[in-house]
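Residue strings, one per chain:
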Amino acid sequence: MSDPRVAAIPVADCGEPLIDVRGTLLVDDRKADTTGSYAHLRRGLLDRLVHAQSLLPNGLRLLSIEGYRPPDLQRRYFKEYADKLRAANPAWTDDQVHQAASRYVSPPEIAPHSAGAAVDLTLVDADGTELDMGTRVNASPEESDGACYTDADSISHQARTNRSLLASALSSAGLINYRTEWWHWSYGDRYWALMTNQPAALYGPRPLR
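Residues numbered from 1 in each chain as written. Predicted model: local features only at pLDDT ≥ 70, side-chain atom pairs only at ≥ 80, totals over all residues. Heavy atoms only, no water.

## Description of the pairing of strand β4 (residues 61–66)
- Among the six residues that make up β4, five are buried, leaving the element largely enclosed by the rest of the structure.
- Where strand β2 (residues 26–27) and β4 come together, two bridges link them in parallel fashion. Within β4, the residue paired with L26 across the bridge is L63. (Buried < 20%, exposed > 50% of the residue type's maximum accessible area, 1.4 Å probe, protein only. Helix = DSSP H or I, 4+ residues; strand = E, 2+ residues; numbered from the N terminus. Pairing = 2+ DSSP bridges.)

See below:
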C-alpha cells in the first residue's frame, strides 16, 4: 500500500451508499463499534460478496469481520502500529517505518476500509465454526512469522486449501486480495484500480453519514 502508484490513482467516487450488511451476510462482532461502522460496505462490494458466497461449496459461508472503518480510527491504527515498529527498530528511518507499517495497516490517506471498499473476512462451516486458514484474522507479519501472507509456504495443506476456496470465490466475483493479508479483499478502491488497470477508483474515503 506504500507504493506511490497507489496514491497516484485518482478517485472518481460513484456515490454509492454505505449499506449495513447485517441480515445479508453473516457478521462477526469482534470489531463491533457503537455506530455499527464495521458492518457497512459500499453497495457494489456487498453485491459482489453475495455473489461470491453463492460460489462456495455447500455448507460454507463468508464471515464478515470488519468492513467500513472511519478515517480517524484508520489513522489511530496506523500510528499505533508504526509506533510499535519504530520502537522495535530504532535504526529505521521514517520512510522505512512507513513502508513496513503499510504491509499490515493501510496509510490513512488511501485506506480501502475508510472508503467502504474493503472487507476483512473468513470462511465458516454450517455450524458457524471458522475454518483453519493458517492464522487468525488480523495476525501481523511479526506475530505470524509471515504466515499471514496469502501465499505463505509455512501453513498446513488444509489451511492452503481453505485459502484457495476463499480466493477462488472472491476473485470470481471481481474482488482483489492484498497479498500480505489473506483475509483482506477489496473492490473499487485505489489498490483495486491499480491491480486491475482501471483509470480511477470508484470509491474514496468518506464519513459513514
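After that view, the rundown keeps rolling.
## Some thoughts on the layout of surface pockets
- If you add up the space inside the largest pocket, you get close to 400 Å³.
- Along the walls of the largest pocket sit 21 residues, with K31, Y77, Y104, V105 and N138 positioned nearest its centre.
- Residue contributions to the lining of the largest pocket peak at five residues, all from helix α3 (residues 71–88).
- Here the residues of the lining of the largest pocket sort into six nonpolar, seven polar and eight charged. (1 Å grid on protein atoms, 1.4 Å probe; cavity = no way out; pocket = protein on both sides within 12 Å on 5 of 7 lines; lining within 4 Å. Points joined across faces, edges and corners; volume = space filled by probe spheres on them. Nonpolar A, V, L, I, M, F, W, Y, C, P; charged D, E, K, R; others polar.)

## Things to note about the nonpolar core
- Core analysis: the largest hydrophobic core is formed by 41 residues, its most contacted members being L49, L62, L121, L166, L170 and L175.
- Mapped by element, the contributors of at least two residues to this core are α2 (43–54), β4, β5 (118–124), α6 (157–172) and α7 (190–195).
- In this structure L170 touches L49, A52, L62, L121, L175 and W185, once residues within four positions along its chain are discounted.
- Grouped together as the second largest cluster of nonpolar side chains are nine residues, Y77, L85, A100 and V105 included. (Core = buried A, V, L, I, M, F, W, Y, C linked by side-chain atoms within 4.5 Å. Contact = heavy atoms within 4.5 Å.)

## Some words on the packing of aromatic side chains
- Counting across every chain of the model gives four aromatic pairs.
- Between the aromatic rings of Y178 and Y191, the centroid separation amounts to 5.3 Å while the plane-to-plane angle is 90 degrees, which identifies the pairing as edge-to-face. Separated by 13 residues along the polypeptide, Y178 in the loop between β6 (176–177) and β7 (184–186) and Y191 in helix α7 bring together distant segments of the chain.
- Taking the relative accessible area as the measure of exposure, Y178 reaches 8% and is therefore buried.
- Residue Y191 is classed as buried on the basis of its relative accessible area, which comes to 11%. (Phe/Tyr/Trp six-rings, centres within 6.5 Å; stacked < 30°, edge-to-face > 60°.)

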